[in-house]
Amino acid sequence: MSQEALAPENELRTGQLLAGKYRLEGELGRGAMGTVWSALHESLGQRVAIKVISPEHASSDELRRRFDTEARAAAKLRSRFVVGVYDHGTTKSGLPYIVMEYLEGECLEDRLNRQGVLTIGEVARITRHVGRALSRAHANGIVHRDLKPANIFLTKSDEEEGEGAGDWIAKVLDFGIAKVEDFSDRSTTKTGTVLGTPLFMSPEQVRGASSVDSRADLYSLGMVIYNMLTGSYAFEGQSFGDLLVSICTDPLPNLTDRAPQLPESLNPWFQKACAREPSQRYQSAEELVAAFLEAVGEVHSVRMSLIDANAMSQRAAAHLAATFTADSNSEVTAPSGTLPHGTARSSSHSRSAVRATQHSDVGTAGGVAPRSGLSSASPSTLTLNGDLPLPR
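What comes next concerns the included structure.

Conventions adopted
Residues numbered from 1 in each chain as written. Predicted model: local features only at pLDDT ≥ 70, side-chain atom pairs only at ≥ 80, totals over all residues. Heavy atoms only, no water. Helix = DSSP H or I, 4+ residues; strand = E, 2+ residues; numbered from the N terminus. Buried < 20%, exposed > 50% of the residue type's maximum accessible area, 1.4 Å probe, protein only. Contact = heavy atoms within 4.5 Å. Areas by Shrake-Rupley, 256 points an atom, 1.4 Å probe, with all protein chains shown as cover. Pairing = 2+ DSSP bridges. Axes fitted to C-alpha atoms, helices over the stretch in contact; angles between N-to-C directions. Phe/Tyr/Trp six-rings, centres within 6.5 Å; stacked < 30°, edge-to-face > 60°. Lys NZ or Arg CZ within 6 Å of the ring centre and 35° of its normal. Salt bridge = Lys/Arg side-chain N within 4 Å of Asp/Glu carboxyl O. Core = buried A, V, L, I, M, F, W, Y, C linked by side-chain atoms within 4.5 Å. Expected span 1.5 Å × (residues − 1).

**Comments concerning the overall build of the chain**
So, step 1. Looking only at helices and strands, one finds eleven helices and 13 strands in the chain.
So, step 2. For the chain, the residues scored as buried account for 58% of the 392 residues in total.
So, step 3. Long-range pairs, those at least 24 residues apart, make up 70% of the contacts in the chain with a sequence separation of at least 6.
So, step 4. In the form shown here, the chain has an accessible surface area of approximately 15,600 Å², with 47% of it arising from carbon and sulfur atoms.

The structure is reproduced here in C-alpha cells:
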C-alpha cells in the first residue's frame, strides 16, 4: 500500500462518521502508532472506543497482521474478564481500526504507580479475574504473551450476578502479539524474535524459543502477582542485556525477601509459578489460581480506595497514548548498555537502577477510555470499592 493512499488529510476528525455507523466524539489518546477515539454507535447509542493505526504505520504488513490478530483473538474470547471487541475494519483511506468496549477506570500499572503495593485481598481478586481470562484464552488456543500490569484494567462492573457483580473487575487488554493457533498458518512472529515486556517475560520468550505456549502466560501472571505484592520486580540488572541474562540464569527470589509481612506459604507457590522450566510450573491458570488462594488462606473482604474520577480519567487517557507508542518493528530491542525508553516505578518501590519499562513494548493498549461526562471543572469520585466478599 502506497503512502499516498494514506495521506495526512485523510486522518480522522471529531464528528466524522466511521464505517457509516460510528460517530467520532473525540480523541482519547495519541501515540506514535496511532490514536484511540471515543465514538457513539449511530443507531444503538452505544459508546465505544475505536483504535486506529496511524497513516505512517498502516503500510506495515506486520503491524496490520498483529492488529488483525488482536481484534480476532479478543472477539473470539467473549469473556467479561477480557476487553470486548465488537467490530474491526479499514477506513476509506486505508487505516485499520478496531471497535472496542469503552472502559471506565484505570490500568493496574497506574494503580501500582499511585499506591505502590496492593493488599492480599485485592491481589487475590485480580488474580481470580485474570486467571479466568487466561483460562478462556488458553482453551481457545490463544497465548497472550505480553501479560503485564499495563494490560490489566480495573473497571466498574455492571454485572448483576457472578464474579465482579455490582463492584469492580479486572479485564485483560491487548492481544496484539498473541499467538493464535487456529486463525492462520502464517505466524506474526519468527523464531529468535523477542516479544513481550522483559520484566514479566518468561525465560523461553527471552530466548526467542519457537515453542512458547500457555505456560508463558502463567509465568507472567506470577511475575505480575510478585509486583502487586512487593512493589518491585523479581529480576533486574544494570543494562537491558543484564536483565535478560538474569531472567534466564538467576535463581528466583522469595516473595518474603521483599515483603516479610507476607505468608511464608507464598514462597513455594511463587517458586513453582515462575519456575524456569515450563514443565515445573503450574500447568493451567485454574491450578495456579487455586494454589495461590490456598497459599494466602481465606480472604474475607476486599477494599479498594476511592479514586478521584478526574485524575483517573487523565491517567486513563495518558495511558492510552503511552501504551499506543510502539516500535514499528514491534521487537524488544535496545542499544548496548541502555534500556528501552519509558516511565518507571518510583524508586521507593524498586531496588535497582534498571527499569525495563512498559511503554517501549510490543503491542497496543486495549479499548480504555476515561470516564465520560467528566471535566476538570466538575470534580467527582468513582467508587471502585466496598467491603464485598471476594469472588469464590
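**Points about the environment of Arg13**
So, step 1. By secondary structure assignment, the location of Arg13 is in the segment before β1 (17-18).
So, step 2. The sequence separation of Arg13 and Leu24 amounts to eleven residues, and the corresponding C-alpha distance is 7.2 Å.
So, step 3. In contact with Arg13, other than residues within four places in its own chain, are Leu24 and Trp37.

**Things to note about the sheet that holds strand β10 (residues 168-172)**
So, step 1. Pairing is antiparallel across the open sheet formed by three strands, whose spatial order is β7-β9-β10. Each edge of the sheet is formed by a strand with only one pairing partner; in this case those strands are β7 (105-107) and β10. Neighbour-to-neighbour, the strand axes of the sheet open up by a mean angle of 20 degrees, direction not taken into account.
So, step 2. Of the pairings in the sheet, the one linking strand β9 (residues 152-156) to β10 comprises five bridges and is antiparallel in character. Its bridge partner lying in β10, Lys156 is registered against Trp168.
So, step 3. Where helix α3 (residues 108-115) meets the sheet, its contacts fall on β7 and β9, and the angle it forms with β7 comes to roughly 85 degrees.

**Some points on the pairing of strand β4 (residues 47-53)**
So, step 1. Across the seven residues that make up β4, a large majority, six, are buried.
So, step 2. Sheet topology note: the strand β3 (residues 34-41)/β4 ladder contains seven bridges and is antiparallel. The residue of β4 that forms the bridge with Gly34 is Ile53.
So, step 3. In this structure, the hairpin formed by β3 and β4 is closed by a connection of five residues, where Gly45 is found at a positive phi of approximately 70 degrees.
So, step 4. Here β4 pairs with strand β6 (residues 96-101) via five bridges, running antiparallel. Within β6, the residue paired with Val52 across the bridge is Tyr97.

**Digging into the packing of aromatic side chains**
So, step 1. What the rule picks out here adds up to three aromatic pairs.
So, step 2. On the numbers, 6.0 Å between centres and 80 degrees between planes, the contact of Phe200 with Tyr233 is edge-to-face. With a gap of 33 residues between them, Phe200 in the loop between β11 (179-180) and α5 (203-206) and Tyr233 in the loop between α6 (214-230) and α7 (240-249) connect regions that are remote in the sequence. Note on accessibility: Phe200 and Tyr233 belong to one class, buried.
So, step 3. The lysine or arginine in question, Arg47, covers the ring of Tyr102, its NZ or CZ lying 5.8 Å from the ring centre.
So, step 4. For Arg125, the ring lying beneath its charged end belongs to Trp168, and the centroid distance is 4.8 Å.

**Regarding unusual backbone geometry**
So, step 1. Unlike most non-glycine residues, Arg78 shows phi in positive territory, near 50 degrees.
So, step 2. Among the structural elements, Arg78 can be located in the loop between α2 (61-77) and β5 (85-90).
So, step 3. The phi torsion at Arg145 lies on the positive side, around 75 degrees, for a residue other than glycine.
So, step 4. Secondary-structure assignment places Arg145 in the loop between β8 (142-143) and β9.
So, step 5. Residue Arg145 is classed as buried on the basis of its relative accessible area of 10%.

**Some thoughts on the pattern of salt bridges**
So, step 1. Summed over the entire model, instances satisfying the criterion amount to twelve salt bridges.
So, step 2. One salt bridge connects Arg281 with Glu204, and the closest N-O pair in it is separated by 2.8 Å. Here the residue Arg281 occupies a position in the loop between α9 (266-273) and α10 (285-296), and Glu204 occupies one in helix α5, the gap between them amounting to 77 residues.
So, step 3. For Glu204, a relative accessible area of 4% translates into the label buried.
So, step 4. Several salt bridges share partner residues, and in doing so they unite Glu106, Arg111, Arg114 and Glu122 into one network.

**Here's the deal with the nonpolar core**
So, step 1. By size, the foremost hydrophobic cluster in this structure holds 81 residues, and its most contacted members are Ile50, Ile126 and Trp269.
So, step 2. Among the elements that line this core, the one with the most residues is α6, at nine residues.
So, step 3. If sequence neighbours within four positions are ignored, Ile50 has contacts with Leu18, Tyr22, Leu24, Thr35, Val36, Trp37, Ala39, Tyr97, Ile98 and Val99.
So, step 4. One finds Val83, Leu103, Phe153 and Leu173 within the second-largest nonpolar core, a separate group that totals five residues.

**Some thoughts on the environment of Ser59**
So, step 1. Here Ser59 shows up in the loop between α1 (55-58) and α2.
So, step 2. Residues Ser59 and Gly94, spaced 35 residues apart in sequence, show a C-alpha to C-alpha distance of 8.8 Å.

**Let's talk about helix α4 (residues 120-139)**
So, step 1. The terminal C-alpha atoms of α4, which comprises 20 residues, lie 28 Å apart, in line with the 28 Å expected from a rise of 1.5 Å per residue.
So, step 2. By the criterion of burial, α4 is predominantly enclosed, with 15 of the 20 residues buried.
So, step 3. Within two residues after α4, Gly141 carries a phi angle of roughly 75 degrees, on the positive side.

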